[in-house]
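# Inside the fold
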Amino acid sequence: MSQPPLIVLAGGSGFVGRHLAPALVNAGYRVRILTRDASRLRDLQVLPTLETAAHPEIYAPRHLGPAVRGASVIVNLVGLLNQGIRRKSRFAWVHGAVTGHLVAAARDGAVPRFLHVSALLADQSQLPSAYLRSKADAEDRIRASGLDWHIVRPSVIYGPDDDFLQRFARLLRRSPGILPLACPEAPLAPVDIADVVRALRMLIDGARVPVPAMNLKGPDLLTLKEQVEAIGRVIHAHRLIVGLPNGAAWLMGALFQWLPHPPFTLDNYRSLRAFSRAPDERPAADGFGMLGIIPTPFRARIPAYLGHRIA
Ligand SMILES: NC(=O)c1ccc[n+]([C@@H]2O[C@H](COP(=O)([O-])OP(=O)(O)OC[C@H]3O[C@@H](n4cnc5c(N)ncnc54)[C@H](OP(=O)(O)O)[C@@H]3O)[C@@H](O)[C@H]2O)c1
């Protein structure tokens, strides 16, 4: 009897991978997660058809060859929001070079399909942040790969164990009545992790779409301030949210970026500002529309994700 198809999740130990891997296993796929540290996957090991390929240098070509062998699809989930000082924690390595190595391993190993998770705005011509420029570089490498590829560009993703709802909930709980907020007017269309997983699964299943690169945006275009206010209502942390002027936000990013785990950086500031300047009608396609998915409104599931009911 032939084995079920094998899906390789590069960076599958992260937020998106932890939701996608069980969904794929439940759908009957074999899943192999590539990670630099197997201990990050201990809790996922219970999944019956999950394998791991772990090595501190897993994205070096000599390790990638065996790690992707036999795969039908490589899904690239490797990413980070704040770069470090070491070469291998720079955006250029993590988003650009690692993607290049994965593409080469796919070609050499005859893996036919490549699904890449990029970020909203990475297709725009004016890219003010190093994060977005490195995401655009990764996309260029995929488009030039000759593989059968898809690119999805999610807006900020929220879910039960994310870095977005939970971070602002923590900040709200700790703030003494007033919460200063950088870039409060940045318009974002936050997207539910369940919808992102559904879209990725449909693409892995072979859904036919008219264009291979698509945006994944939630249905509500809310400013950052409106989102934080919504989170505050859910967790009953009614704070006065005070938007910082751009100069103060810039300075905050410039100072905080030197902290070991910065809550906000100059590059974050530049990325958020890019949302404010982006044209309303973006040329890239609406991924959920193409896949027939109705995305979840922002306020629908955040009480469950935050473990609270709205009063
Ligand atoms: N979450 C969002 O709101 C959001 C929004 C738009 C786009 N995206 C993109 O979607 C993808 C998945 O997002 P996510 O939230 O699941 O990401 P994540 O949890 O932050 O990270 C995914 C994985 O990337 C790997 N990684 C991190 N730094 C690395 C490095 N220096 N070298 C090699 N691997 C490294 C880690 O795997 P190991 O430590 O196991 O090796 C990590 O588990 C990323 O490309 C992200 O940029 C996310």
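Overview of the structure.

What counts and what doesn't
Residues numbered from 1 in each chain as written. Predicted model: local features only at pLDDT ≥ 70, side-chain atom pairs only at ≥ 80, totals over all residues. Helix = DSSP H or I, 4+ residues; strand = E, 2+ residues; numbered from the N terminus. Buried ≥ 20, exposed ≤ 12 C-beta atoms within 10 Å, placed from the backbone. Core = buried A, V, L, I, M, F, W, Y, C linked by C-beta atoms within 7 Å. Contact = placed C-beta atoms within 7 Å. Right-handed = clockwise from strand over helix to strand, strands pointing away. Pairing = 2+ DSSP bridges.

This brings us to unusual backbone geometry. The phi angle of most residues is negative, glycine excepted, and most peptide bonds adopt the trans form. Its identity is not glycine, yet Ala 110 carries a phi of approximately 55°, on the positive side. Within the element layout of this structure, Ala 110 appears in the loop between α3 (91–108) and β5 (113–117). The exposure class assigned to Ala 110 is exposed, which follows from the 10 C-beta atoms found within 10 Å. Of note, Cys 183 is a non-glycine position whose phi angle comes to about 50°, a positive value. On the secondary structure map, Cys 183 appears in the loop between β8 (178–181) and β9 (187–188). Take Cys 183: there are 24 C-beta atoms within 10 Å of it, and that puts it in the buried class.

Let us look at the nonpolar core. Judged by nonpolar contacts, the single largest core of 88 residues is most densely connected at Ile 7, Leu 9, Ile 74, Val 75 and Leu 200. The greatest single-element share of this core, amounting to eight residues, is contributed by α3. With residues near it in sequence (within four places) discarded, Val 75 still touches Ile 7, Val 8, Leu 9, Ala 10, Leu 115 and Leu 200.

Before going further, it helps to examine the pairing of strand β6 (residues 148–154). With six of its seven residues buried, β6 lies for the most part within the structure. In this region the chain leaves β5, passes through helix α4 (residues 130–143) and returns to the parallel neighbour β6; the handedness of that crossover is right-handed. Relative to strand β11 (residues 213–216), β6 runs parallel, the two being bridged by four bridges. Residue pairing for β11: Arg 153 is matched across the bridge by Asn 215.

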